[in-house]
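Examination of the molecular architecture
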Amino acid sequence: MENLQSFIESGVLETFVVGGTTEEETELVNEMAASYKEVRDEIESITEALELYASSNAIVPDTTIRPLLLATIDYTERLKAGEIPTFPPELNESSKIADFESWLKRPDMVLPSDFSDFYAKVIGYTPSAVSAIIWIKEMAPQEVHDHEYEKFLIVEGTCDITIGNTVNHLVPGDYLSIPLHEKHYVTVTSSIPCKVILQRIAA
């Protein structure tokens, strides 16, 4: 029984559960599990503990990464096809939707029919700033920016942008700048997607 306890406490069962044992160790664990209920119980306990840890520390994939990457590729392809680069004005407290009318009225700056959660079209890019029209259906997950300011100008729909513990209720025409190092996320409050001019400016 002492040898059994030593085996259980050796760490080999934890390694077995995560798939790190050698072929010989796996065979030994299987033999011990077949012979001793204590070993089977310990394997089950380790498995449950790891599943609980994984669940409690799970990170929700950022739903904006892929659409923004595709938007950047799309913008690059448009430039290759002859589109002239444009430089939208930097957003500030005096910004108006009309300032971006020339981009908003373009026939290619529309929401596709297969839109799911988040969609973006880049309208301007420099090494220190990117401007895009984005559509958010329900929410944009929490994030923090340490090296760039994120700025919003609401075009259509409404949303709440929560910065830390402060909720900002935004409607068309509203402007908001996110401070550096602050956790924030977006929740759409309208029945239609929230359409936004988004800028990320290097700090």
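Residues numbered from 1 in each chain as written. Predicted model: local features only at pLDDT ≥ 70, side-chain atom pairs only at ≥ 80, totals over all residues. Heavy atoms only, no water.

With a phi angle near 65°, histidine 181 is a residue other than glycine that sits in the positive phi range. Among the structural elements, histidine 181 can be located in the loop between β7 (175-178) and β8 (184-188). (Helix = DSSP H or I, 4+ residues; strand = E, 2+ residues; numbered from the N terminus.)

The next point concerns the pairing of strand β9 (residues 194-202). A large share of β9 lies buried, amounting to eight of its nine residues. One ladder, built from eight bridges, connects strand β2 (residues 129-136) with β9; its direction is antiparallel. Counted as the bridge partner of isoleucine 134 is valine 196 from β9. Two strands pair when backbone bridges link them, and strand β4 (residues 148-156) and β9 are joined in this way by eight bridges, in the antiparallel orientation. Directly across from leucine 153, in β9, lies its bridge partner isoleucine 197. (Buried < 20%, exposed > 50% of the residue type's maximum accessible area, 1.4 Å probe, protein only. Pairing = 2+ DSSP bridges.)

So, about the packing of aromatic side chains. One pass over the full model with this rule turns up two aromatic pairs. Between phenylalanine 100 and tryptophan 103 the ring centres are 6.0 Å apart and the planes differ by 45°, which places this aromatic pair in the tilted class. In this structure, phenylalanine 100 and tryptophan 103 share a single accessibility class: buried. For the pair tyrosine 119 and tryptophan 135, a centre-to-centre distance of 5.6 Å together with 45° between the ring planes defines the contact as tilted. Of the two residues, tyrosine 119 sits in strand β1 (residues 118-126) while tryptophan 135 sits in strand β2, which places them 16 residues apart along the sequence. Tryptophan 135 gets classed as buried once you look at its relative accessible area, which sits at 5%. (Phe/Tyr/Trp six-rings, centres within 6.5 Å; stacked < 30°, edge-to-face > 60°.)

Read across the open sheet, the five strands follow the order β1-β2-β9-β4-β7; overall the sheet is antiparallel. Single-partner strands in this sheet number two, and they are β1 and β7. Neighbour to neighbour, the strand axes of the sheet diverge by 20° on average, direction disregarded. Seen against the sheet, helix α5 (residues 65-80) touches β1 and β9 and runs at an angle of roughly 50° to β1. (Axes fitted to C-alpha atoms, helices over the stretch in contact; angles between N-to-C directions. Contact = heavy atoms within 4.5 Å.)

Among the nonpolar cores identified, the biggest contains 23 residues, and Ile134, Ile136, Phe152, Cys159, Ile161 and Val186 are the most heavily contacted of them. Elements represented by at least two residues in this core include exactly α5, β1, β2, β4, β5 (159-163), β7, β8 and β9. Filtering out sequence-adjacent residues up to four positions away, phenylalanine 152 remains in contact with Leu91, Ile161, Asp174, Tyr175, Leu176, Ile178, Val186, Val196, Ile197 and Leu198. Core analysis: the second largest hydrophobic core is formed by 12 residues, Leu104, Met109, Ile123 and Trp135 among them. (Core = buried A, V, L, I, M, F, W, Y, C linked by side-chain atoms within 4.5 Å.)

On to the side chain of lysine 151, then. Within the element layout of this structure, lysine 151 appears in strand β4. On the basis of relative accessible area, lysine 151 is assigned to the buried category, the value being 10%. If we ignore the near neighbours within four places in the chain, the residues touching lysine 151 are Glu90, Leu91, Tyr175, Leu176, Ser177, Ile197, Leu198, Gln199 and Ile201.

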